[in-house]
Amino acid sequence: MKLAAAPLAVLLVGTVLTEPRPEVQARAPVEITEWTVPWPSTRPRDPAVDAQGRVWFVGQVGNYIARLDPKSGDFKRFELPAKALPHNLVLDAGGDVWYAGNGDAHIGRLDPRTGAVRRYAMPDSAARDPHTLVAAPNGDLWFTVQGGNFVGHLARETGRVRLVAVPTPRARPYGIVLDARGRPWVNEFGTNKIASIDPATYQLREYALPSERARGRRIGITGDGMVWYVDYARGYLGRLDPSTGAVKEWGAPAGEASLPYAMAVDDRGRLWFVETGVQPNRLVGFDPRSTEFFSVTPIEPSGGGTVRHMVFHAPTRTLWFGTDANTIARARVP
């Protein structure tokens, strides 16, 4: 079912504070461990950790889902339907793996016990490329559709898919996260806006960032309700206050060419992101309380290539991410 976008409100941001860029040397590095994926050039990415500590990820180019046991180093591969080209995955409480079928316009559900896959097709042919998924506490899924210009919702119990059209043309909805009220927040990577959706009414609201050049790519929310984003085009970490629309920005350590991409929030409310415009890529930590970049770590030995998405696993206080250098990586945060 396709839903026309409900009446929307656009909050034009009138104020922005920009802090000077810090020095760029590596400091307070964290421990990074990498596992080389045994299937070359398959773009392993977007991992998630299950209750047994195993790490699930997609091979976007290789058309598979795989599982890594970090203790033994063993990998197991699950094949997907032809042309699925999985972009992202999440795990549910029952052990099933849900993925975004970026190449074939569907959300998929893999049962690891049998290898069976169930497809949930998009109800509109324009929604051709499901992108990034996030799970709600009740097991429902919200997801972005980048080229199709939608934000979607899949009800886990019924399989019903609903699409909300983004009103800004070619907005390229990209990163997505849920706040404490269950509202999705989305980067519009094709423009200088961030969007939110009311899950009860499906009303979409857009927040315009001050710089027309801003291009947020990934997004996170801290415990105080602030919305954080990485500006891939300009090389900034930004904070949006949803209640006032005020924006504050901090220049990434590597400068305008830093291309900040993967992003996550840890259990102490600190922001972590990866500068992909430098080689090796660098994992950067930022503390909102001190407003300082407190850690910069080169991703070695692989260099990272490009790190596109990252998750924080609270029980082990670790960050997990895939790299275009064909590795799965773990970073232990202080």
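Let me sum up the structure you'll find in this document.

1. Brief notes about the packing of aromatic side chains
- For the structure on display, the rule yields 19 aromatic pairs.
- When the ring of Tyr232 is compared with that of Tyr261, the centres are 5.7 Å apart and the planes differ by 70 degrees; the resulting orientation is edge-to-face. Residue Tyr232 is found in the loop between strand 22 (227-231) and strand 23 (236-240), and its partner Tyr261 is found in strand 25 (residues 260-265); the two are separated by 29 residues along the sequence. Here Tyr232 and Tyr261 have matching classes, each one buried.
- The structure contains a cluster of three or more aromatic residues connected by ring pairs, namely Trp228, Trp250, Phe273, Phe286 and Phe293.
- The residue whose ring lies beneath Arg77 is Trp39, and the NZ or CZ to ring-centre distance is 5.3 Å.

2. Quick word on the sheet that holds strand 8 (residues 75-79)
- Pairing within the open sheet is antiparallel, and its 4 strands lie in the order 5-6-7-8. Each edge of the sheet is formed by a strand with only one pairing partner; in this case those strands are strand 5 (44-49) and strand 8. Averaged over neighbouring strand pairs, the angle between their axes works out to 25 degrees when direction is ignored.
- Here strand 6 (residues 55-59) pairs with strand 7 (residues 64-68) via 5 bridges, running antiparallel. Pairing of Trp56 across the sheet is with Arg67, part of strand 7.

3. A closer look at the pattern of salt bridges
- Scanning the entire structure with this criterion turns up 20 salt bridges.
- Asp324 serves as the salt-bridge partner of Arg43, at 3.9 Å between the closest nitrogen and oxygen. Of the two residues, Arg43 is situated in the loop between strand 4 (31-36) and strand 5 and Asp324 in the loop between strand 30 (318-323) and strand 31 (327-332); the sequence distance between them amounts to 281 residues.
- On the basis of relative accessible area, Asp324 is assigned to the partly exposed category, the value being 30%.
- Linked through salt bridges whose partners overlap, the residues forming this network are Asp96, Arg109, Asp111 and Arg113.

The rules behind these values
- Residues numbered from 1 in each chain as written.
- Predicted model: local features only at pLDDT ≥ 70, side-chain atom pairs only at ≥ 80, totals over all residues.
- Heavy atoms only, no water.
- Phe/Tyr/Trp six-rings, centres within 6.5 Å; stacked < 30°, edge-to-face > 60°.
- Helix = DSSP H or I, 4+ residues; strand = E, 2+ residues; numbered from the N terminus.
- Buried < 20%, exposed > 50% of the residue type's maximum accessible area, 1.4 Å probe, protein only.
- Lys NZ or Arg CZ within 6 Å of the ring centre and 35° of its normal.
- Pairing = 2+ DSSP bridges.
- Axes fitted to C-alpha atoms, helices over the stretch in contact; angles between N-to-C directions.
- Salt bridge = Lys/Arg side-chain N within 4 Å of Asp/Glu carboxyl O.

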